[in-house]
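Coordinate analysis (summary)
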Amino acid sequence: MTMAQALVLERQHELKLRDIDLPMDVGPGMVKIKIHTVGVCGSDVHYYTHGRIGPFVVNAPMVLGHEAAGTVVEIGQGVTHLKVGDRVCMEPGIPDPNSRASRLGMYNVDPAVTFWATPPIHGVLTPFVVHPANYTFKLPDNVSFAEGAMVEPFAVGMQAATKARITPGDTAVVLGAGPIGTMVAIAALAGGCARVIVADLAQPKLDIAARYQGVIPVNIREKSIVSEVKRLTEDWGADIVFECSGSPKAWETIMDLPRPGGTIVVVGLPVEPAPFDIATASTKEIRIETVFRYAHQYDRAIALFASGRVDLKPLISETFAFKDSVAAFERAVEARPSDVKLQIRMPD
Ligand SMILES: [Zn+2]
């Protein structure tokens, strides 16, 4: 263990930048990374404000942060695909590689997975981290650290687009224009959707999403999303609906949105169980898919960034210095509708 400065969530409502003991042994198959940029995620903020997410409870001080990019500074025995000096980003979830889920290729749903900044596992708002090389991905020269730290949230969008099984030219609907909804819309367009109708109550969020070609914003304070989708699809319905709001209200009318034989991809999670119209789902033979984080999406996300087809830089609202991490979190708690992604930069 090594003492290092880190942004520590002591308990609900109490954040401190202080020294903490962290494991820094570079074992076989591991790499040590000097962290450059870390994104502030809704889940980090939720642990700060609520002290828990579902079954995960902050019972001991925990370092926050899981959306990170940095530079390899040391490599462990047997690591061949990375070298010192490589710029990288990291998957925060580490599964048991021999588990049944991992062997099926679904390592994201391995019950034994550990995930940065999910109690009791420390996150990466600290200058260095040791991580399995197999979950560390080299960034091409034309992908910045800031973009590298966006790969993690974008991977959720990639997973949703993959689960949707998009056909080129599809029309999609995204309910909820938060950071994840916006990234789902961008991933759906990259995956072949001709247009994505994005619905939200907050006009500033819609304005940001609408900067991307193919996004059709709908402010549901002013218009019904059901009638807008009907109008835009000549009463047929959308091929795919991505539910990203997490609002139980969305489920009251969601079955009116997909076309017969269409698909609903569940991304947002209502806190409580939500009822939905099974009879209509059956009558239309709706396929329902779910998403839990992501698997096998990092290399694809990085390839899209490198190609120039996906540019998430406009979604980075502000960058804070590490010493101002607590201020960054206070800003995130404000939840300004014009903020998409706040990032924290570690000292050089
Ligand atoms: Zn995240």
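Please refer to the structure placed before this passage.
Structure report, in brief. Since the model is a prediction, treat every value here as computed from it, not as a measurement. (Residues numbered from 1 in each chain as written. Predicted model: local features only at pLDDT ≥ 70, side-chain atom pairs only at ≥ 80, totals over all residues. Heavy atoms only, no water.)

Take the environment of G27 next. Examined against the element boundaries, G27 turns out to sit in the loop between β2 (14-22) and β3 (30-39). Spatially, the C-alpha atom of G27 lies 26 Å from that of P347, the residues being 320 residues apart in sequence. Discounting chain neighbours no more than four positions away, the residues touching G27 are G76 and Q77. (Helix = DSSP H or I, 4+ residues; strand = E, 2+ residues; numbered from the N terminus. Contact = heavy atoms within 4.5 Å.)

To continue, consider the sheet that holds strand β1 (residues 2-11). With antiparallel pairing, the 3 strands of this open sheet are ordered in space as β2-β1-β6. Two strands in the sheet have a free side with no partner beyond their single neighbour: β2 and β6 (62-63). As defined by bridge partners, β1 adjoins β6 across 2 bridges and the pair is classed as antiparallel. Looking at β6, one finds that L9 is bridged to M62. (Pairing = 2+ DSSP bridges.)

With that out of the way, let us pick up the coordination of the zinc ion. Within the protein, the zinc ion binds to C41 (SG), H66 (NE2), E67 (OE) and E152 (OE); these donor distances fall in the range 2.2 to 2.7 Å. Around the zinc ion, the 4 donor atoms are arranged such that angles at the metal cover 84 to 173°; this shape is classified as irregular. Counting along the primary sequence, the residues that act as donors to the zinc ion give the motif C-x24-H-E-x84-E. Residue C41 is found in the loop between β3 and α1 (42-50), and its partner E67 is found in strand β7 (residues 67-75); the two are separated by 26 residues along the sequence. The residues C41 and E67 share a single accessibility class, namely buried. (Donors = N, O, S within 2.8 Å, 3.2 Å for Na, K, Ca; no water. Tetrahedral: all angles 85-135°; square planar, octahedral: opposite > 155°, others 65-115°. Buried < 20%, exposed > 50% of the residue type's maximum accessible area, 1.4 Å probe, protein only.)

The subject of this paragraph is the side chain of D86. Counting through the fold element by element, D86 comes out in the loop between β7 and β8 (87-90). Within polar-contact distance, the side chain of D86 engages the backbone nitrogen of K83 at 2.9 Å. Excluding its chain neighbours within four sequence positions, the residues that come into contact with D86 are G70, T71, V72, H81 and K138. (Polar contact = N/O pair within 3.5 Å; in protein donor to acceptor, adjacent residues only side chain to side chain.)

Below, the discussion takes up the packing of helix α4 (residues 151-164) against helix α5 (residues 179-190). Between α4 and α5, whose axes approach to 8 Å, the crossing angle comes to 55°. Classified by the angle their axes make, α4 and α5 are oblique. The chirality of how α4 crosses α5 is right-handed. Taken together, the residues of α5 that come into contact with α4 (itself represented by P153, F154, V156, G157, M158, A160 and A161) are I180, M183, V184, I186, A187 and A188. Of the residues that constitute the contact of α4 with α5, the class distribution is 12 nonpolar, 1 polar and no charged. (Axes fitted to C-alpha atoms, helices over the stretch in contact; angles between N-to-C directions. Parallel < 35°, antiparallel > 145°, perpendicular 65-115°, else oblique. Left-handed = near helix turned anticlockwise from the far one by under 90°. Nonpolar A, V, L, I, M, F, W, Y, C, P; charged D, E, K, R; others polar.)

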